[in-house]
Amino acid sequence: MRIGTLSILFCGLLAALGVTSVVTPSQLRMKAGMLKSVLTGPISQMPKRWKTFTEFLDKNLAEHVIGHEPIIELNGACQKIQGKDLVQDSGLVAIYRQREAGNLLIPEKKVAELPKIVENLCRLHDNLAGQKIPLLVCIIPDKPSLPDATFPEGYDFYARENLDSFIALAKAKELDCLDLRDKINTSPQFFKTDHHLKSTTAFVVAKDIVDWLRRNNVIDADTSFDPVREHYDEWLTPCRFIGSWGKRVGEIWSGDDDFVLMVPKFNNSFTVDMKALRSSVMHREGDFKHSILDLSVIESTDKYDNRWGVVLGHYDWEMVRIHNGNRHSTGKVMFIEDSFGLGTMPYVVPTVNELVLIDLRSFKDMTATRFIAEEKPDAVVVIYNSEQLLVPRMFEF
């Protein structure tokens, strides 16, 4: 069988798989036209035809079909052969690879609506002040906002501008805002193939939060459970993984990451209750590794498994309540958080008596303000990564 015939059959197979993501006849006609342009035309148009073909892959294949991983890897390998450092993923998001560091970045191309966000935070602050509850706003720098984040010439991005402007506005309104730009300022503090902080970096954020809690008399003066190196072991887990950005373009193009966790040396015991959407509930008791972490995620040999989900298993918990069996004389803290807050939580919870977490993306039953009134925490921490500044509803409390 000739190579040309094999190529046509291969493209036909990909087309059939791609149809699984088609939802309207007009989309089907559009995609058929794209595929036709790949299969026909003179050899001189091959670079243009290949570009159309890879766009077809990006738009149709990815996680919408069974066996998508080899197809993503094939696409990523083709991008690597062409020497491309900027690739569109299956959601048509541009992923840029810094060639020397192998670090992946997604530029933020929007200017955040900051005045409304700060106004909502001020309203929350005033509400809590009436209940004598201190509020800490912790917006963690994301990778595109870092000083060493670079993008192709002419490619506008606003991540750094959004974060800088937010912190200036928050401080002007006298909000208690944790400024982490001097402590989280290099890409190696993040996974290469993912947008999340490494655990060793989340450890740094947790220490600043614990110090703030102590200054506000939420926790006592005992520092023996604080997130500092002498209290924790660095555990290099026996697995590697491909982060959420790397999955979109494949390991061949993106590379992979190792996975390190900070685990307490001191004796510890926790009770964890998690409520998900649709009212499913999970209860755990035990030490740090068996209550706060989900070891099944680490034990998996599949690099495509979400290692970040090792904290409590996954992200979709509407509400989590953690009781600390070792700290009965300290306060109750509430985190209004995203996955960055979830990753920071394990190193704050050993210092408090109780920690309650809510994620507004899943929290549907009542407002955060009403939930705070019912829970009566001793402190509230709004903890997001700076990309959430582009999502105003995350600040509707």
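Residues numbered from 1 in each chain as written. Predicted model: local features only at pLDDT ≥ 70, side-chain atom pairs only at ≥ 80, totals over all residues. Heavy atoms only, no water.

Q: Mind showing me how you'd approach the sheet that holds strand 11 (residues 332-337) here?
A: Across a sheet, strands are paired by hydrogen bonds formed along the backbone, either parallel or antiparallel in direction. The eight strands are arranged 5-4-13-11-12-10-8-9 in an open sheet whose pairing can be described as mixed. Since the sheet does not close on itself, it has two edges, and those belong to strand 5 (177-178) and strand 9 (281-286), each with one partner. Of the pairings in the sheet, the one linking strand 8 (residues 270-276) to strand 9 comprises six bridges and is antiparallel in character. Bridged to Thr271 within strand 9 is Glu285. Against the sheet, helix 5 (residues 114-129) makes contact with strand 4 (135-140) and strand 13 (379-385), and its axis sits at roughly 150 degrees relative to strand 4, the strand it touches most. Taken strand by strand, helix 7 (residues 199-215) contacts strand 4, strand 5, strand 11 and strand 13, and its axis lies near 160 degrees from that of strand 13. (Pairing = 2+ DSSP bridges. Helix = DSSP H or I, 4+ residues; strand = E, 2+ residues; numbered from the N terminus. Contact = heavy atoms within 4.5 Å. Axes fitted to C-alpha atoms, helices over the stretch in contact; angles between N-to-C directions.)

Q: Would you take a moment to explain the pattern of salt bridges for this structure?
A: Pairing between side chains of opposite charge can happen when the charged atoms of each approach one another. Throughout the structure, instances matching the rule amount to 17 salt bridges. One salt bridge connects Arg123 with Glu119, and the closest N-O pair in it is separated by 2.8 Å. Here Arg123 and its partner Glu119 are both found in helix 5, four residues apart, which amounts to about one turn of the helix. Judged by relative accessible area, Arg123 falls into the partly exposed class, the value being 46%. Given a relative accessible area of 40%, Glu119 falls into the partly exposed group. (Salt bridge = Lys/Arg side-chain N within 4 Å of Asp/Glu carboxyl O. Buried < 20%, exposed > 50% of the residue type's maximum accessible area, 1.4 Å probe, protein only.)

Q: How should I be thinking about the pairing of strand 12 (residues 354-358) in this particular structure?
A: Regular strands place their side chains on alternate faces of the sheet. Within strand 12, five of the five residues are buried, leaving the element largely enclosed by the surrounding structure. Strand direction decides the pairing type here: strand 10 (residues 317-324) and strand 12, joined by five bridges, are antiparallel. By the bridge assignment, Ile322 is partnered in strand 12 with Leu355. As judged from the five bridges shared by strand 11 and strand 12, these two strands associate in the parallel manner.

Q: Got a minute to help me understand the confidence of the model for the protein in this structure?
A: Low-pLDDT stretches of the model should not have their predicted coordinates read in fine detail. This prediction gives the protein a mean pLDDT of 80; 78% of its residues lie at or above 70. For the stretch residues 14-27, pLDDT sits under 50, and the model shows 22 contacts to residues farther than four places along the chain or on other chains. (pLDDT = per-residue confidence, 0-100.)

Q: How should I be thinking about helix 6 (residues 159-172) in this particular structure?
A: It helps to recall that an α-helix has 3.6 residues per turn; residues three or four apart then point in one direction. Relative to the 20 Å expected for 14 residues at 1.5 Å per residue, helix 6 spans 20 Å between its end C-alpha atoms, a close match to the ideal helical length. Buried residues in helix 6 make contact with helix 5, strand 4 and strand 5. Backbone geometry just downstream of helix 6 places Glu174 in the positive-phi region, at approximately 65 degrees. (Expected span 1.5 Å × (residues − 1).)

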